[in-house]
Amino acid sequence: MINHSKIIPIILNTIALTIAAIITAFLLGEWYNLGIKQNTEGYPFGGEGPKPYYYQSLGTYLTNNLTWAAIFATILMFSIFTITHKNRRLQYCSFGLLIVSIIAMFINGNFSV
């Protein structure tokens with residue numbers, strides 16, 4: 001018989017690990033594309049109209065992306081740590097941190113200039 005008290009934290013942690021990896025890769029890719037390659041076509045930096053605060057300038061946008069990438073990379077590393085150490089309490093914490101970070105990221109995007 002399957003022991004649900006052992007399998008549920010592993011599933012939640014795997015979900016956290018996967019989502020954190022995808023978000024980190026996306027944000028770092030965006031940072032590389034704009035910061036290193038200077039490919040800024042189609043981005044409304046400094047333009048008119050309501051938009052998130054981080055569109056004020058390229059530097060603000062890059063800083064915002066790099067900060068969130070670091071947060072999600074930390075969650076990714078924490079998820080890997082909890083899997084390797086098989087600590088169920090930390091596995092639940094890893095998933096909770098992911099959810100809180102995603103909510104915080106959405107709230108951060110709602111601050112307008």
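Residues numbered from 1 in each chain as written. Predicted model: local features only at pLDDT ≥ 70, side-chain atom pairs only at ≥ 80, totals over all residues. Heavy atoms only, no water.

**Comments concerning the environment of A69**
Topologically, A69 is positioned in helix α2 (residues 58–85). Note on A69: relative accessible area 2%, which makes it buried. Remark: the alpha-carbon pair of A69 and T18, spanning 51 residues in sequence, is separated by 14 Å. Beyond its immediate sequence surroundings of up to four residues, A69 is in contact with T24, L27 and L28. (Helix = DSSP H or I, 4+ residues; strand = E, 2+ residues; numbered from the N terminus. Buried < 20%, exposed > 50% of the residue type's maximum accessible area, 1.4 Å probe, protein only. Contact = heavy atoms within 4.5 Å.)

**Considerations on the layout of surface pockets**
Over the atoms, a rolling probe the size of a water molecule traces out where space has been left empty. Reported here for the largest pocket is a volume of approximately 200 Å³. Forming the boundary of the largest pocket are 14 residues, of which L27, Y54, N64, N65 and M105 lie nearest the centre. For the lining of the largest pocket, the secondary structure elements donating two or more residues are α1 (4–36), α2 and α3 (88–109). No other element matches the five residues that α3 contributes to the lining of the largest pocket. The residue makeup of the lining of the largest pocket, split by class, is ten nonpolar, four polar and no charged. (1 Å grid on protein atoms, 1.4 Å probe; cavity = no way out; pocket = protein on both sides within 12 Å on 5 of 7 lines; lining within 4 Å. Points joined across faces, edges and corners; volume = space filled by probe spheres on them. Nonpolar A, V, L, I, M, F, W, Y, C, P; charged D, E, K, R; others polar.)

**Observations regarding the nonpolar core**
If you look at the biggest cluster of nonpolar residues, it comprises ten residues: A16, A20, I23, L27, W68, A69, F72, I75, L76 and L98. Mapped onto this core, the elements with two or more residues apiece are α1 and α2. Top contributing element to this core by residue count: α2, with five residues. Every residue in contact with L98, bar those within four places of it in the chain, is listed here: I15, A16, I19, A20, F72 and I75. Grouped together as the second largest cluster of nonpolar side chains are five residues, L34, Y54, Y61 and L62 included. (Core = buried A, V, L, I, M, F, W, Y, C linked by side-chain atoms within 4.5 Å.)

**Digging into the packing of aromatic side chains**
Tallied over the full model, the rule gives five aromatic pairs. Each ring, one from Y54 and one from Y55, has its centre 5.4 Å from the other, and the planes form 40°; the classification is tilted. You can call Y54 buried: its relative accessible area is 14%. On the accessibility criterion, Y55 (18% relative accessible area) is buried. Between W68 and F72 the ring centres are 6.1 Å apart and the planes differ by 35°, which places this aromatic pair in the tilted class. In this pair, W68 and F72 both sit in helix α2, four residues apart, roughly one turn of the helix. Judged on exposure class, the residue W68 and its partner F72 are both buried. (Phe/Tyr/Trp six-rings, centres within 6.5 Å; stacked < 30°, edge-to-face > 60°.)

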